Structures are given as structure tokens and as C-alpha cells.
Amino acid sequence: MQAIEFIHQEYFTGQYRYIGPSPDLERHVVYYWLLDLRRPLPEDEEFRELLLANMNASLVLNMGAPFDICNAAGQLLHSCHHSELIGYQPTPVTYRHYPNNFLVGIKFKPASLNYLFHVKGADMQRQTLSAHDVMTHLPELESAVYEAPDMQVIKTLLEKFLRRHTSTTTNNHRFDYVLQSLNGPALQQSGFQLKKLADLLYISPRTLERYFSDSLNISPKKCLAILRFRHAAAQYVLHGYKADWEELGYHDFSHFRKDWHKWSA
């Protein structure tokens, strides 16, 4: 078994393939990925990805064997047999992969999956949704991706599919504020503090709370705490306890350690 840590994406170098989005989709997409385990593997081989307090969401095209979503104790929560939308997970989960998995995914920036596909946050919290119930033209996409010869072709197919949805989105100023809050420079400038973030966006904290509730069904305070932790955890991997904790929104290393226990319990 190979244990996969959530913090640094390059952990998948041996099995996963990644490619970044085109400039016009960078607002919504972190990256596209491929996991192809159709080649012969030992029967007991398993790849496990651990996610702690994950605010990103994904579309996973499943064209092979099922993969499992388990809790921190390893207990099965859900077995994914088909293509699914996976929402944010505030508690630790493990994605468990086996031989004959063939998965292609889009990792979205926070709130973008909900925005593009008109999915309420309440419908995705701590659960998955069948992608076929939400999206049109998905069987054609799955078939084309399955036959694609390389990642560049897969990227082209996925982006054609996404642009069809971005072209149909309507102006939603509430969602626009949420996207700015989570993915713009104001997030780090605010030190992950709600009042400072609202000030930078020229709205009141109460208004920002209402926008978050309508769009994601999560309070901005909790959302900011998750994002602060994930950002700080990535810096901890690079710099250890010598990271600039005040710059990361913490008082000191001990403050960060408390969050680590909170989000990994």
C-alpha cells in the first residue's frame, strides 16, 4: 500500500498525471488529473489519498473499477461506481484506489464547481452527487476521454466541456463575491479574518455571511479557518516549525498544532 498525503500534490508523481488549465479557465480550475491503473498490478496493491479539511471540489470521471471514500478510521463511507461530483470535506477522508481504476478528474477552486453547475453547497456537503444527474452530454465526454491518447487531448476534451457550462452561467453577484473571497488576493491580505476580508471586498461581514450561506451552505468563518489551515500546512511541509506563522494567520507554531489536531481528528 502507498499512503498519499494531502498537502503536496506532487505526491502522486508515480501514478498520477497532471496538466494545468488554459488561461480562460484558471479562475475556476486548479488542474486536470489522470489515474490509470488498468495495467497489471499486484492483487494487494492500493493507493490511498488522505484529505484533511478539503475545501476544493472535484468532478471525477470513473471509467474503470470503483474507488472508495472512507473516513479517518478507514471505514467505508461510499463506493464510487460511476462518475461523481465530490464536494468539500471538512472532516478527514481517504480516497482508496485499486487495480483497474481509470479515473480522470477536474479539481476546481473553492465554490467554482457549485457556480458552474448550479449545485447548492447543501447538496454536496459530506456526500457525492451522480455527475449524470447534474450534467448533460457526460456519456459522450466519458467515451471520448477513455479513447484519448494522452493528457493534452484529455485536457482539450475537458475544457470544451467546461466552456459549454461557463458560457451558460448567469451573473450572480453573490457568487462573484464568494469566488473573490476564496480565490482572490483579498484572502491572504485579510489574514483569513472575516471582518478584514469583508472590508477589502467593500461589504459588511453580515452580508458576506449571507452570500456564503446562499452559495456554499458554510459559514465564511469556518471556510476561512479551513483555507488558513491548508495554506499553513503546505508551508509547514516546506519550512517546518520555522514558517512565518503570523504571516499565515497564526499566533505561533503551537496555535497551528491545535488546528492540525482539530482538522485531522
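Structure: see above.
What counts and what doesn't
- Residues numbered from 1 in each chain as written.
- Predicted model: local features only at pLDDT ≥ 70, side-chain atom pairs only at ≥ 80, totals over all residues.
- Heavy atoms only, no water.
- Buried < 20%, exposed > 50% of the residue type's maximum accessible area, 1.4 Å probe, protein only.
- Helix = DSSP H or I, 4+ residues; strand = E, 2+ residues; numbered from the N terminus.
- Pairing = 2+ DSSP bridges.
- Arc of directions from axis to C-beta.

Here's the deal with the pairing of strand 10 (residues 102-108)
Piece 1. The buried fraction of strand 10 amounts to 7 of the 7 residues, a majority that puts the element mostly inside the structure.
Piece 2. Taking every second residue as pointing to the same face, both faces of strand 10 are buried, with Phe102, Val104, Ile106 and Phe108 on one and Leu103, Gly105 and Lys107 on the other.
Piece 3. Bridge analysis of strand 3 (residues 29-36) against strand 10 gives 7 bridges, and the strand direction is antiparallel. Residue pairing across strands places tryptophan 33 opposite glycine 105, the latter belonging to strand 10.
Piece 4. Two elements, strand 5 (residues 57-62) and strand 10, share 6 bridges in a ladder whose sense is antiparallel. Paired with serine 58 across the strands is lysine 107, a residue of strand 10.

Let's talk about helix 3 (residues 138-147)
Piece 1. Restricting attention to buried positions, one finds in helix 3 the residues Leu138, Leu141, Glu142 and Val145. Each buried residue of helix 3 sits inside an arc of 100 degrees when the element is viewed along its axis, so together they form one side.

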